[in-house]
Amino acid sequence: MLGRHTAAGRRAALTALGALVLTGVTTAATAAPPPAPASTAAQTLGADRPPAAVVRAMERDLKLKPGQAAERLVNEAEAGARAGRLRNSLGKRFAGAWLRGATSAELAVATTDAGDVSAIQAQGAKAVVVKRPLSELKAVKEKLDKAATGANTRDTPVWYVDVPSNRVVVQAVKRSAATAFIKAAGLEGKGVAVRVSATRPRLLADLVGGEAYYIEGTARCSIGFSVTKDTQQGFASAGHCGSADDTTTGFNMAQQGAFEASTFPGKDMSWVSVNSDWTATPDVKGEGGQRTQVTGSVQALVGASICRSGSTTGWHCGTIEQHDTSVSYSEGTVDGVTETTVCAEPGDSGGPYISGSQAQGVTSGGSGDCTDGGTTFYQPINPILSDFGLVLKTAAAQGGSPAPGDNGTAATWSAGHVYEAGATVTHAGVRYQCLQSHQAQGRWAPGATPALWQRL
């Protein structure tokens, strides 16, 4: 079904997830003075001080030896900055970047020109020469996205850009369905690969308990990340949780707030404003009720580790498989989500994903379970912040209030804007180019954060 959910249909499918608790900190968000330039990307992103709950879950789920989880997080932070610099220098020849190894020690960067190999290696990365640039692969996927608006995608539930293999992949229940979908998109003979799988992703939602918020007094869903909009506090969650103006109550059934905006299908994002009884915090709830704090929203690379919080299954970790994935649920198609190897089960819908202490997204759906393993998809957080003009609540104070729909193209750098990799800004009379997609914070001015910005 490609039509939008009715409110009743959504509510019948939803559940609770104890994720981010809104209590206990002040409401003000003020810009902190910029610190001295960080010597490493790990220091900028807080990867050198990983949350204990994240480290324990990574060691368990990724089967890492003591010390490897902390090493991995540092390597991933450093690799993100190096990949960003190479993306900017390679320009149209850039074909993607990804991580490999138990501790993410190997960064691979792809190019369409063999002449770039030495420059890539000089950045400590493995050079991979391929035929198609990332921009071409994204254009192919966009044709599939367009074809999906008029096609029945029940038997072709997932399609994505597979960066390591330098191709676009359609996952289908049967090969004939994939062939028909590819033909409808006008991509016959264009190198689109087919992966046959009986798996059909579903929205991860039901009426299993846990710390929750309730929609219209009936359905339950999960808080993702605390946010603010000007002086208004609230939280981000999945779009299939409710429609604009639906009212919410908290886990304790006290009056809480209302959905200010919701997008589903197409995207799977929403935000709820809360009343003065609730206060936004940067906390994410982990195992045993312990909390870990979010410090930013720098997007992690393919292959990076990632952990998810859910009331049904608790803390679980895995790796990022690919960004910019499209998923056709029975309720509608969602584009631009990220696929992971993290397991999840009904009741985990809407909860937060973090990489180290960096917010990544909110649970959309998936397949499998946490007994035999599974796959999940999350709606990235930066598009939620950008589309709805929100500021992520982080452990360090920040300033700024982005305009709705801001895409990071502001000529002058400003805290609160969401900047995509490759965007250029001016700060203190100097031009910079963005290395990694993120929402700017007061302490992350370009001159002080070489992990996020490259001076031009």
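With an unreviewed UniProt entry as reference, the chain is termed Alpha-lytic protease prodomain-containing protein, source organism Streptomyces ferrugineus. Among the UniProt annotations of the chain, the heading Sequence similarities (unreviewed entry) holds the following wording: "Belongs to the peptidase S1 family."

1. Comments concerning the UniProt feature "active site" (unreviewed entry) in the chain
Mapped onto the present numbering, the UniProt feature "active site" (unreviewed entry) falls on His240, Asp268 and Ser349. Despite a sequence span of 110 residues, these residues sit close together in the fold, their greatest C-alpha distance being 11.0 Å. Within the secondary structure, His240 is located in the loop between β11 (232-237) and β12 (247-249). Relative to the helices and strands, Asp268 is located in the loop between β13 (255-263) and β14 (269-274). A relative accessible area of 0% places Asp268 in the buried class. With residues up to four places along the chain from it excluded, the contact list for Asp268 reads Leu203, Ser237, Ala238, Gly239, His240, Thr263, Val334, Val362, Ser364 and Gln379. There is a polar contact of 2.7 Å between the side chain of Asp268 and the backbone nitrogen of Gly239.

2. What to know about the pattern of salt bridges
If you walk through the whole model with that rule in mind, you get 13 salt bridges. When the shortest N-O distance is used, the salt bridge between Asp348 and Arg308 registers 3.4 Å. Remark: Arg308 occurs in strand β17 (residues 305-310) and Asp348 occurs in the loop between β19 (332-340) and β20 (352-355); sequence separation between them is 40 residues. Residues participating in the shared-partner salt-bridge network are Lys141, Asp145 and Asp324.

3. Description of the sheet that holds β14
Strand order in the open sheet formed by eight strands is β9-β8-β12-β13-β14-β11-β10-β23, with antiparallel pairing between adjacent strands. The open sheet terminates on both sides in strands that have one partner only, identified here as β9 (219-221) and β23 (391-392). Bridge analysis of β11 against β14 gives four bridges, and the strand direction is antiparallel. Opposite Ser237, over in β14, you have Ser270 as the bridge partner. Contacting β10 (225-229), β11, β13, β14 and β23, helix α8 (residues 381-388) crosses the sheet at an angle of about 60 degrees to β14.

4. As for helix α3 (residues 52-61)
Every buried residue of α3 is accounted for by Ala53, Val54, Val55, Ala57 and Met58. A positive backbone phi angle near 55 degrees is found at Lys63, which sits one or two residues after α3.

5. Observations regarding the packing of α3 against helix α4 (residues 68-90)
Between α3 and α4, the shortest axis-to-axis distance is 8 Å and the interhelical angle comes to 105 degrees. Judged by the inter-axis angle, α3 sits roughly perpendicular to α4. Within the contact between the two elements, α3 uses Val55, Met58 and Glu59 and α4 uses Ala69, Arg72 and Leu73.

6. Details of the state of the cysteines
Throughout the structure, instances matching the rule amount to three disulfides. A sulfur-sulfur separation of 2.0 Å characterises the disulfide bridge that pairs Cys221 with Cys241. Here Cys221 is found in strand β9, whereas its partner Cys241 is found in the loop between β11 and β12, with 20 residues between them in sequence. Each member of the pair, Cys221 as well as Cys241, is classed as buried. Between the sulfur atoms of Cys307 and its disulfide partner Cys317 the distance amounts to 2.0 Å. Note on the Cys307 and Cys317 pair: the S-S dihedral is about 95 degrees, so by sign convention the disulfide is right-handed.

7. Considerations on unusual backbone geometry
For residues other than glycine, phi is negative in most cases, and the peptide bonds are mostly trans. In this chain, Phe264 is followed by Pro265 through a cis amide linkage whose omega measures -5 degrees. With respect to the helices and strands, Pro265 occurs in the loop between β13 and β14. Positive phi outside glycine occurs at Glu216, with the angle close to 55 degrees. One can find Glu216 in the loop between β8 (213-215) and β9.

8. A look at the environment of Asp335
Tracing the backbone through its elements, the reader meets Asp335 in strand β19. Judged by its relative accessible area of 27%, Asp335 falls in the partly exposed class. Spatially, the C-alpha atom of Asp335 lies 7.0 Å from that of Asp324, the residues being 11 residues apart in sequence. Once residues within four sequence positions are removed from consideration, Asp335 is found in contact with Asp145, Trp159, Gly266, Thr325 and Ser326.

9. Comments concerning the packing of helix α6 (residues 134-148) against helix α7 (residues 175-184)
The N-to-C vectors of α6 and α7 enclose an angle of 100 degrees; their axes lie 8 Å apart at closest approach. By the angle between their axes, α6 is roughly perpendicular relative to α7. The segment α6 lies against α7, with Leu144, Ala147 and Ala148 engaging Phe181, Ile182 and Ala184. Its residues assigned to classes, the contact of α6 with α7 comprises six nonpolar, no polar and no charged.

Rules of the game
- Residues numbered from 1 in each chain as written.
- Predicted model: local features only at pLDDT ≥ 70, side-chain atom pairs only at ≥ 80, totals over all residues.
- Heavy atoms only, no water.
- UniProt positions renumbered as here; feature names shortened; annotations may be inferred.
- Helix = DSSP H or I, 4+ residues; strand = E, 2+ residues; numbered from the N terminus.
- Buried < 20%, exposed > 50% of the residue type's maximum accessible area, 1.4 Å probe, protein only.
- Contact = heavy atoms within 4.5 Å.
- Polar contact = N/O pair within 3.5 Å; in protein donor to acceptor, adjacent residues only side chain to side chain.
- Salt bridge = Lys/Arg side-chain N within 4 Å of Asp/Glu carboxyl O.
- Pairing = 2+ DSSP bridges.
- Axes fitted to C-alpha atoms, helices over the stretch in contact; angles between N-to-C directions.
- Parallel < 35°, antiparallel > 145°, perpendicular 65-115°, else oblique.
- Disulfide = S-S within 2.5 Å.
- Nonpolar A, V, L, I, M, F, W, Y, C, P; charged D, E, K, R; others polar.

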